Amino acid sequence: MTEAGMEMNVRTIVQTLKGTNLVWRYGRNFTPTVQHRFAGNTQLGSAENAVLNKLDSDGIAVTSIDELFSDNSEFLELSSETSRLLESRKEEITTLKSSANNEQAVGSKTFNLEVFGSELTIKEPDVFVRFALNNSFLTIANAYFGMIARLRYYNVWQTFASQGTARESQLWHFDREDRYILKMFLYLEDVDEGSGPFTYAPGTHKKGRDHGIKPEFFLEGGVKRTTDEQMSTVFPEKKWVTGTGKKGTLIFADTRGYHKGGEARTKDRLTYTCMFTSPASESRNLLNISASFDGNSLEPGQRLALGIK
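I'd like a description of the overall build of the protein, backed by residues and values.
On a plain count of helices and strands, the protein comes out with 11 helices and 13 strands. Out of the 309 residues belonging to the protein, those deemed buried represent 49%. Sequence-distant contacts, at least 24 apart, represent 85% of the contacts inside the protein between residues at least 6 apart. The positive charge centre, built from 37 side chains, and the negative charge centre, built from 39, are 5 Å apart in the protein.

Can you lay out the environment of Lys97 for me, pointing to particular residues and giving the numbers?
Tracing the chain through its elements places Lys97 in helix 7 (residues 90-97). Here Lys97 falls in the partly exposed class, since its relative accessible area comes to 37%. When the C-alpha positions of Lys97 and Phe111 are compared, they lie 7.3 Å apart, and in sequence the two are 14 residues distant. Setting aside chain neighbours within four positions, we find Lys97 in contact with Gln158, Phe160 and Asp268. Within the structure, the side chain of Lys97 is placed 2.9 Å from the side chain of Asp268, a separation counted as a polar contact.

With reference to specific residues and values, describe the packing of aromatic side chains.
All told, the structure shown has 17 aromatic pairs when counted by the stated rule. Plain terms: the ring middles of Phe131 and Tyr272 are 5.5 Å apart, the flat faces sit at 85° to each other, and that makes the pair edge-to-face. One end of the pair, Phe131, is in helix 8 (residues 127-132); the other, Tyr272, is in strand 12 (residues 269-277), with 141 residues separating them in the sequence. With relative accessibility at 2%, the residue Phe131 sits in the buried group.

An account of the nonpolar core is needed here, citing residue identities and associated values.
Counting residues in hydrophobic clusters, the biggest one holds 66 residues, and the most contacted among them are Phe131, Phe137, Tyr154, Leu186, Phe252, Tyr272 and Phe276. Those residues in contact with Phe137 that sit more than four places away from it in its chain are Leu68, Phe69, Phe131, Ala132, Met184, Leu250, Phe252, Cys274 and Phe276. Core analysis: the second largest hydrophobic core is formed by seven residues, Ala201, Ile213, Trp240 and Tyr258 among them.

An account of the sheet that holds strand 2 (residues 112-114) is needed here, citing residue identities and associated values.
Pairing between sheet strands relies on hydrogen bonds along the backbone, with the strands arranged either parallel or antiparallel. Spatial strand order, 1-10-5-12-4-2: six strands in an open sheet with antiparallel pairing. Strands with a single pairing partner mark the edges of an open sheet, and in this sheet they are strand 1 (60-64) and strand 2. Recorded for the sheet is a direction-independent mean angle of 25° between the axes of neighbouring strands. Pairing between strand 4 (residues 150-159) and strand 12: nine bridges, direction antiparallel. Counterpart to Leu151 in the pairing with strand 12 is Phe276. Together, strand 4, strand 5 (182-187) and strand 12 form the strand contacts of helix 6 (residues 73-88), whose direction differs from that of strand 12 by roughly 120°. Helix 9 (residues 135-145) rests against strand 5, strand 10 (249-254) and strand 12 of the sheet, and its axis sits at about 45° to strand 12.

How would you explain the pairing of strand 1 if you had to name every residue and give the values?
Counting buried residues along strand 1, four of its five residues qualify, which places the element largely inside the surrounding structure. When strand 1 meets strand 10, the two strands line up antiparallel, connected through five bridges. Within the sheet, the bridge partner assigned to Ser64 lies in strand 10 and is Thr249.

Tell me about helix 4 (residues 46-58), residues and numbers included.
A rise of 1.5 Å per residue sets the reference length of helix 4, with its 13 residues, at 18 Å; its end C-alpha atoms lie 18 Å apart and thus fit the reference within 8%. Among all positions in helix 4, only Glu48, Val51, Leu52, Leu55 and Asp58 are buried. In a view along the axis of helix 4, the buried residues occupy a sector of 165°, so they form one face of it. Of the surrounding elements, those touching the buried residues of helix 4 are strand 1, helix 5 (65-68), helix 9, strand 5, strand 6 (198-200) and strand 10.

Would you mind going over the pairing of strand 4 in detail, with residue names and values included?
Counting buried residues in strand 4 gives nine out of 10 residues, a clear majority hidden from the surface. Pairing analysis gives three bridges linking strand 2 to strand 4, with the strands arranged antiparallel. Of the residues in strand 4, the one forming a bridge with Glu114 is Trp157.

Calculation criteria
- Residues numbered from 1 in each chain as written.
- Predicted model: local features only at pLDDT ≥ 70, side-chain atom pairs only at ≥ 80, totals over all residues.
- Heavy atoms only, no water.
- Helix = DSSP H or I, 4+ residues; strand = E, 2+ residues; numbered from the N terminus.
- Buried < 20%, exposed > 50% of the residue type's maximum accessible area, 1.4 Å probe, protein only.
- Contact = heavy atoms within 4.5 Å.
- Lys, Arg positive; Asp, Glu negative; His and termini not counted.
- Charge placed at Lys NZ, Arg CZ, Asp CG, Glu CD.
- Polar contact = N/O pair within 3.5 Å; in protein donor to acceptor, adjacent residues only side chain to side chain.
- Phe/Tyr/Trp six-rings, centres within 6.5 Å; stacked < 30°, edge-to-face > 60°.
- Core = buried A, V, L, I, M, F, W, Y, C linked by side-chain atoms within 4.5 Å.
- Pairing = 2+ DSSP bridges.
- Axes fitted to C-alpha atoms, helices over the stretch in contact; angles between N-to-C directions.
- Expected span 1.5 Å × (residues − 1).
- Arc of directions from axis to C-beta.

Okay, structure coming up:
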């Protein structure tokens, strides 16, 4: 075997080992795994436990603010602050909507506005930060990962109604940044079939019974995408979970499983979202902490989720 061939084999072996649960957990994430095991605040309530059980088995759990929270004041604050932000950018958003149907801008997701931009810098623990770091979310995320999970992203998305062929995240795909990738979607307005609801193939996550399915795909800008027709040949449409719901609906999903969303056709969709991974994730850094950020008002578990002391 040539030297180049040996190097390629070594790289293949290393990548395979990195992907195993044993190396991922006890090699790359040893400290957060031990921290979680000996943490004293890991008790789940009944609603949180129900979410965790569905996540473990199906990779998706649908609940609501009312079911998960005894006090919805922070949700009301977040909703109010979102409305204020959108109103302050009304003219800009109107202009951005005109590009929603631009099918030539693959990679830009012109149909979806990230209100805070694709990369964020946390300067203060405002309501959007606090909501992502609430105790219920952290308890669920840590229990699902079996370690102290890391908050990697949060944002408000306004998904514009658009026409034309489904593209980018409107097509079936799965995320690849980590072994588990837990995302939460909070509907800030009612979402029906015409609003592009989050849609999931339950059991196709790493923990799931159908994690080995391999639908046909095509490459779109170098990214694997699968159409509804291709997915239905290996995973029947009747099994898909279509996340329609009223304002306040909460969807937890491990996006290592097959999913799609944002194919809004008749009206816009407004959601708050956040993402958790393991601390050792190879996820692109989308969340930065300002040097002036004062985390003293946060609890120890919240600071751990941000990776700060």
